Number of protein chains: 2
Amino acid sequence: MKNMPREGSGRPRTTLDLLWGTGDGGTRGPRPTLSPEKIVQAAVEVADADGLGALSMQKVADRLGFTTMSLYRHVPGKEPLIELMIDRAVGTPPELSAHPDWRTMVEAWIEALWNRYQQHPWMLHVQAGPPLGPNQLSWLESLLTALADTGLTDDERFVISLYLNGATLGIARLVSDAEQVTADRGVPAEQLSTDYSEAMGRLIDSDRFPVLTSLVRSGALNAPASATGRAAPDYEFGLRRLMDGVEAYVAERT
Amino acid sequence: MKNMPREGSGRPRTTLDLLWGTGDGGTRGPRPTLSPEKIVQAAVEVADADGLGALSMQKVADRLGFTTMSLYRHVPGKEPLIELMIDRAVGTPPELSAHPDWRTMVEAWIEALWNRYQQHPWMLHVQAGPPLGPNQLSWLESLLTALADTGLTDDERFVISLYLNGATLGIARLVSDAEQVTADRGVPAEQLSTDYSEAMGRLIDSDRFPVLTSLVRSGALNAPASATGRAAPDYEFGLRRLMDGVEAYVAERT
DNA sequence: CACTACCGTGTATCCCGTACACACAAACGT
DNA sequence: ACGTTTGTGTGTACGGGATACACGGTAGTG
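Residues numbered from 1 in each chain as written. Chains lettered and ligands numbered in written order. Predicted model: local features only at pLDDT ≥ 70, side-chain atom pairs only at ≥ 80, totals over all residues. Heavy atoms only, no water.

### Concerning the overall build of chain A
Now for step 1: Across its full length, chain A holds 11 helices and zero strands.
Now for step 2: Across the 254 residues of chain A, 48% fall into the buried class.
Now for step 3: A total of about 12,800 Å² of accessible surface is found on chain A, and carbon and sulfur atoms cover 50% of it. (Helix = DSSP H or I, 4+ residues; strand = E, 2+ residues; numbered from the N terminus. Buried < 20%, exposed > 50% of the residue type's maximum accessible area, 1.4 Å probe, protein only. Areas by Shrake-Rupley, 256 points an atom, 1.4 Å probe, with all protein chains shown as cover.)

Below, the structure written as structure tokens:
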């Protein structure tokens, strides 16, 4: 029985083990030069620099000075690697205890998450699955803690957390996509909304799209994004409405 | 000058032309058997069935009974094709005029969009860019119309539309990802949240994650998703808070 | 010291997107 | 009527990417 496939090809068992650092098996053979951590770090750097579409095992290995196949000794494949990247890129949640009330805590939480998304825009395009990594769970824990003294039930706090998380994700994606795509087409950032409303003006039939037409003509599309160079205020306005609603609900419950 | 590359290889000029059906140039040569519409339809079917990752020009061509390369006569590439797919998959917005007030209109709008996302989950994972297709613009027009008699300014209505759109997108993605990923791992839908909270229970240290631990122990994670077999109520609750906030803002303005 | 478990590598396979050149077909200009 | 022009579907070919598999070497274990 010499040529049987060497079963259980080394260390990297499950993605969960990688995420939590468990399952570090026996210390036999040559000391590894590579490690999952280094690989994940390099992968995140590649994705940050060139986007998720440009992420390949080759590029990651090159950046580390190793062969493509060497990565597979430490990470079971590309998809698991991406899961690890997410947990690393999202990092640790902010410290919220200094804030006076739950509302400012939640706002700070969302702003921090928003910033993370800005730093690693590729996170907005991965199929995420339920959070299971230590960092992702820390974010959830953090948000739930912020809602602790609202007097809401466990269910309600959980659902609200889910919604806040999702809303932040969605807005960040919308904004980031708009910037990215138009940037890829070689449009300078200042002209973004100008060009957009101009393109729309050309396409739109004022019979079929009366409201949009008047909106374009009034120039409302130009103002918000170019005012600060960022669409950030957009999400803050919407967020504030959401918080008002939550606050009213909390007040009603007590 | 015989062997110059036959410049301007046929009809499919820009993605915009495809989206709006403009630019259908001279009717020379053999009548085309294929058309952009058929291609887009087939592509949507493939993505619906096997997900975005399994979408390839091969599969689309096979489904139509043509060669891979034949597609490129009608569609400039894969990415433009996906943009067309989005506009087709999102379809036309719902009829809202029957609803009594703006709030129920907006709720109906969101529910309709939510349903579209359920029908075509791959839409949640594409880089979208600003909406330029006729159907996408119709959705925007529809939502803006619903907000018409709120007395808000153009800016405000636009920003709120953006936020509602983004929030719906984000929640739908969170929920769909969770379902999808766990389904890929062979977990039957009923066990989803059970397995999830069980996995979390194994991973979590009650010192580092006190709130989560108590949440898992109380079983709050099991209830919401399994109650209806869908996580739909989650988003409705959060949505209601958001609408309350908007309503308060509207009232304050008048 | 032989054995075993594991490291990093090289090679090979399969799939994907798409450039390019062909053979043929239908309308146009003369 | 007939060459010219423009477009159609196809076959072939290339570069790149994920990953299975077998190899030679290495460091603890018995």
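### Side note on the interface of chain A and chain B
Now for step 1: Opposite the 70 residues of chain A that make contact, chain B presents 70 residues.
Now for step 2: Both sides together, the interface formed by chain A and chain B hides about 6,400 Å², and carbon and sulfur atoms give 72% of it.
Now for step 3: Between chain A and chain B we count zero salt bridges in total.
Now for step 4: Across the contact surface, chain A and chain B share 14 residue pairs in polar contact (both at pLDDT 80 or more).
Now for step 5: Sorting the residues of the side of chain A that touches chain B by element identifies helix 1 (15-20), helix 6 (134-146), helix 7 (154-184), helix 8 (192-203), helix 9 (210-218), helix 10 (222-228) and helix 11 (232-253) of chain A as the ones contributing at least two each.
Now for step 6: The element that contributes the greatest number of residues to the side of chain A that touches chain B is helix 7 of chain A, accounting for 22 residues.
Now for step 7: Here the residues of the side of chain A that touches chain B sort into 44 nonpolar, 13 polar and 13 charged. (Contact = heavy atoms within 4.5 Å. Buried area = accessible area lost by both parts, 1.4 Å probe. Salt bridge = Lys/Arg side-chain N within 4 Å of Asp/Glu carboxyl O. Polar contact = N/O pair within 3.5 Å; in protein donor to acceptor, adjacent residues only side chain to side chain. Nonpolar A, V, L, I, M, F, W, Y, C, P; charged D, E, K, R; others polar.)

### Examining the relation of the copies chain A and chain B
Now for step 1: For the pair chain A and chain B, the superposition axis carries a translation of 0.0 Å, the fit reaches an RMSD of 0.2 Å, and the rotation angle comes to 180 degrees. Taken together, the rotation and translation relating the two chain copies correspond to the operation of a two-fold axis.
Now for step 2: Of the interface residues in chain A, 100% have counterparts in chain B that sit at the interface too, so the contact is made through matching surfaces. (Least-squares fit on C-alpha atoms with pLDDT ≥ 70 in both.)

### Some details on the UniProt feature "DNA-binding region" (unreviewed entry) in chain A
Now for step 1: In this numbering, the UniProt entry assigns the feature "DNA-binding region" (unreviewed entry) to residues 56-75 of chain A.
Now for step 2: The annotated region residues 56-75 of chain A carries 40% helix and 0% strand content, and the separation between its end C-alpha atoms amounts to 14 Å. (UniProt positions renumbered as here; feature names shortened; annotations may be inferred.)

### Side note on the packing of aromatic side chains
Now for step 1: The final tally for this structure, using the stated rule, is eight aromatic pairs over all chains.
Now for step 2: Judged by centre distance (5.1 Å) and plane angle (85 degrees), the rings of Y249 of chain A and F237 of chain B are edge-to-face. Separated into two different chains, Y249 of chain A in helix 11 and F237 of chain B in helix 11 (residues 232-253) make up a pair that spans both.
Now for step 3: Seen from their ring centres, W109 of chain B and W139 of chain B are 5.5 Å apart, and the 75 degrees between their planes marks the pair as edge-to-face. Of this pair, W109 of chain B sits in helix 5 (residues 102-119) while W139 of chain B sits in helix 6 (residues 134-146); the two residues are 30 residues apart in sequence, bridging distant segments of the chain.
Now for step 4: The class for W109 of chain B is buried, based on a relative accessible area of 2%.
Now for step 5: The side chain of R241 of chain A reaches across the aromatic face of F237 of chain A, ending 4.7 Å from its centre. (Phe/Tyr/Trp six-rings, centres within 6.5 Å; stacked < 30°, edge-to-face > 60°. Lys NZ or Arg CZ within 6 Å of the ring centre and 35° of its normal.)

### Digging into helix 6 of chain A
Now for step 1: Its 13 residues give helix 6 of chain A an end-to-end C-alpha distance of 18 Å, which sits within 8% of 18 Å, the value for a rise of 1.5 Å per residue.
Now for step 2: Every buried residue of helix 6 of chain A is listed here: P134, N135, L137, S138, W139, L140, E141, S142, L143, L144 and A146 of chain A.
Now for step 3: Where helix 6 of chain A is buried, its residues meet helix 1, helix 4 (78-90), helix 5 (102-119) and helix 7 of chain A together with helix 8 (192-203) and helix 9 (210-218) of chain B. (Expected span 1.5 Å × (residues − 1).)

### Here's the deal with the nonpolar core
Now for step 1: The biggest cluster of nonpolar side chains holds 154 residues, and the ones touching the most others in it are M85, V106 and M200 of chain A together with M85, V106 and M200 of chain B.
Now for step 2: Excluding residues that lie within four positions of it along the chain, M200 of chain A makes contacts with L212, V216 and L221 of chain A together with L132 and L137 of chain B. (Core = buried A, V, L, I, M, F, W, Y, C linked by side-chain atoms within 4.5 Å.)

### Considerations on the packing of helix 7 of chain A against helix 7 (residues 154-184) of chain B
Now for step 1: Relative orientation of the contacting elements helix 7 of chain A and helix 7 of chain B amounts to 115 degrees, with a least axis distance of 6 Å. Crossing handedness for the pair helix 7 of chain A and helix 7 of chain B: right-handed. In this structure, helix 7 of chain A contributes L162, Y163, N165, G166, A167, L169, G170, I171, R173 and L174 of chain A to the contact, and helix 7 of chain B contributes L162, Y163, N165, G166, A167, L169, G170, I171, R173 and L174 of chain B.
Now for step 2: Taken together, the residues of the contact of helix 7 of chain A with helix 7 of chain B break down into 12 nonpolar, six polar and two charged. (Axes fitted to C-alpha atoms, helices over the stretch in contact; angles between N-to-C directions. Left-handed = near helix turned anticlockwise from the far one by under 90°.)

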